[in-house]
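# Coordinate inspection notes
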Amino acid sequence: QVQLVESGGGLVQPGGSLRLSCAASGIIFNTYFMGWYRQAPGKARELVATIGTSHTTNYADVVKGRFTISRDDAKNTVYLQMNSLKPEDTAVYYCNARHPYNQYWGKGTLVTVSS
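Scanning the chain for helices and strands turns up 0 helices and 11 strands. Beginning at the N terminus, the succession of helices and strands in the chain can be written as β-β-β-β-β-β-β-β-β-β-β. Expected size for 115 residues packed as a compact globule is a radius of gyration near 13 Å; at 13 Å, the chain falls within 12% of this value. Principal-axis analysis of the C-alpha atoms gives the chain an extent of 40 × 25 × 25 Å. Per-residue burial for the chain yields a buried fraction of 42% across its 115 residues. Sequence separation of at least 24 residues holds for 54% of the intrachain contacts in the chain that already meet a minimum separation of 6. A total accessible area of about 6100 Å² is found for the chain, and carbon and sulfur atoms account for 48% of it.

What follows is the structure in structure tokens.
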């Protein structure tokens, strides 16, 4: 049984920081590309960042320079460090695991950026 469990969401002020974690189980973690996606109220789900098995990273333009994705293969965990948060970053953030024949999603964690 595959599980992706996100944590670390919450309420933060504009300009603040949060660190999201996604703990994976039931997969051979180091064979999967990992990613973070988000869905803001009334909008479609969008890519935030990905990190490959080679640790190559990719970021959406709107978060580049502010967010950092990383993975700890020994802990089967992927992280998203979010700095300089803006109200428009408010969304449910979802963890994703992907390889050529399988893709899995977490249930999401809510990030609210508001003063």
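Further notes follow.
One finds M34, W36, V78, L80, M82 and Y93 to be the most contacted residues of the largest nonpolar core, which totals 30 residues. Among all residues touching M34, those that are not within four sequence positions of it are L4, F29, A49, T50, I51, I69, R71, V78, C95, N96 and A97.

Let us now look at the environment of A74. In this structure, A74 sits in the loop between β7 (67-72) and β8 (77-82). For the pair A74 and F29, spaced 45 residues apart in sequence, the C-alpha separation works out to 9.0 Å.

Moving on to the side chain of T90. Relative to the helices and strands, T90 resides in the loop between β8 and β9 (91-99). Among the polar contacts made by the side chain of T90, one reaches the main-chain carbonyl oxygen of P87 at a distance of 2.9 Å. Ignoring anything within four residues of it in the chain, the contact list for T90 reads A40, P41, V111, T112 and V113.

Counted according to the given criterion, the structure contains 4 salt bridges. As a salt-bridge pair, R38 and E46 come within 2.7 Å of each other at their nearest N and O atoms. Given a relative accessible area of 5%, R38 falls into the buried group. Residue E46 is classed as partly exposed on the basis of its relative accessible area, which comes to 35%. For R38, the salt bridge is made with D89, and the minimal N-O distance between the two is 2.9 Å. Here R38, found in strand β4 (residues 33-39), pairs with D89, found in the loop between β8 and β9; they are 51 residues apart in sequence, far enough to count as distant. Within this structure, R38, E46, R66 and D89 form a network of salt bridges that share partners.

The rules we used
- Residues numbered from 1 in each chain as written.
- Predicted model: local features only at pLDDT ≥ 70, side-chain atom pairs only at ≥ 80, totals over all residues.
- Heavy atoms only, no water.
- Helix = DSSP H or I, 4+ residues; strand = E, 2+ residues; numbered from the N terminus.
- Rg over C-alpha atoms; globule rule 2.2 N^0.38 Å.
- Buried < 20%, exposed > 50% of the residue type's maximum accessible area, 1.4 Å probe, protein only.
- Contact = heavy atoms within 4.5 Å.
- Areas by Shrake-Rupley, 256 points an atom, 1.4 Å probe, with all protein chains shown as cover.
- Core = buried A, V, L, I, M, F, W, Y, C linked by side-chain atoms within 4.5 Å.
- Polar contact = N/O pair within 3.5 Å; in protein donor to acceptor, adjacent residues only side chain to side chain.
- Salt bridge = Lys/Arg side-chain N within 4 Å of Asp/Glu carboxyl O.

Remember, this is a structural readout, not a statement about activity or role.
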